Amino acid sequence: EPEVTQTPSHQVTQMGQEVILRCVPISNHLYFYWYRQILGQKVEFLVSFYNNEISEKSEIFDDQFSVERPDGSNFTLKIRSTKLEDSAMYFCASSGDIRQRMEGYTFGSGTRLTVV
Amino acid sequence: GEDVEQSLFLSVREGDSSVINCTYTDSSSTYLYWYKQEPGAGLQLLTYIFSNMDMKQDQRLTVLLNKKDKHLSLRIADTQTGDSAIYFCAVPNTGTASKLTFGTGTRLQVTL
């Protein structure tokens, strides 16, 4: 079964450092997403990406965040200058077109980011 | 924006049925989803229901949708210890690249 792959599974970084979280979405999917889940809290939407541009972003997705699809297969989330409150599990997801939505949105297993 | 609410915790005995409830605000969603999250793991799609259906059964899982009340429920029959997890309902917003809004999650604890 196709899956969304995220690397690394766990990253520890110092406050103020830049991090790049990587994702390989399902190959025939068109829409890509990043979500985050702070420990013990709900899953929050960060950004959606379609046709090589951001479709929608949340209030959380400020100027410190950026996304890129550099080579047609990878989808990355960059946090420029990490803060302690960026510590969370970050999930990448992808979905097909509207006719495929019954398949749901496929999530990766997440990257746990710890900012110290 | 979309608001999705769930109760936080449910405890059931092994073999009993579990019912997890969810309410939402945006009635234009086409599909509504239930995801399962085991400790330290990612989000696994459990099942979905199309918005023109009232009920969907999938083995031990039954999804009920009341569009008038904007209420979604997930019933797990013969609940097993392996069902212990957090269950999220998730509702897409309108639009082509529709993001998912997740409920607060219900932690299901199955006791012997």
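Shown above is the structure to which this text applies.
Residues numbered from 1 in each chain as written. Chains lettered and ligands numbered in written order. Predicted model: local features only at pLDDT ≥ 70, side-chain atom pairs only at ≥ 80, totals over all residues. Heavy atoms only, no water.

Observations concerning the sheet that holds strand β8 (residues 75-79) of chain A
Residues and elements named next belong to chain A.
Then, number 1: Pairing is antiparallel in the open sheet, where 4 strands are placed in the order β1-β3-β8-β7. A single partner strand is all that each edge strand has here, and the edge strands are β1 (5-7) and β7 (65-68). Within the sheet, the average angular offset between the axes of one strand and its neighbour, ignoring direction, is 20°.
Then, number 2: Sheet topology places strand β3 (residues 19-24) next to β8; 5 bridges connect them, and they run antiparallel. Note that in β8 the partner of I20 across the bridge is K78. (Pairing = 2+ DSSP bridges. Helix = DSSP H or I, 4+ residues; strand = E, 2+ residues; numbered from the N terminus. Axes fitted to C-alpha atoms, helices over the stretch in contact; angles between N-to-C directions.)

Things to note about the interface of chain A and chain B
Size of an interface, as often reported, equals the accessible area lost when the parts are brought together.
Then, number 1: Listed as interface residues are 21 residues of chain A and, on the opposing side, 22 residues of chain B.
Then, number 2: Between chain A and chain B, a total of about 1900 Å² is buried, with carbon and sulfur atoms accounting for 57% of that surface.
Then, number 3: Where chain A packs against chain B, one counts 1 salt bridge.
Then, number 4: E56 of chain A is paired through a salt bridge with K99 of chain B; the nearest N and O atoms lie 3.3 Å apart.
Then, number 5: For the pair chain A and chain B, the number of links is 4 residue pairs in polar contact (both at pLDDT 80 or more).
Then, number 6: Where the side of chain A that touches chain B is concerned, the elements lending two or more residues are β4 (31-37), β5 (43-50), β6 (53-57) and β9 (88-95) of chain A.
Then, number 7: Considering each element in turn, the side of chain A that touches chain B owes the most residues, 4 residues, to β4 of chain A. (Contact = heavy atoms within 4.5 Å. Buried area = accessible area lost by both parts, 1.4 Å probe. Salt bridge = Lys/Arg side-chain N within 4 Å of Asp/Glu carboxyl O. Polar contact = N/O pair within 3.5 Å; in protein donor to acceptor, adjacent residues only side chain to side chain.)

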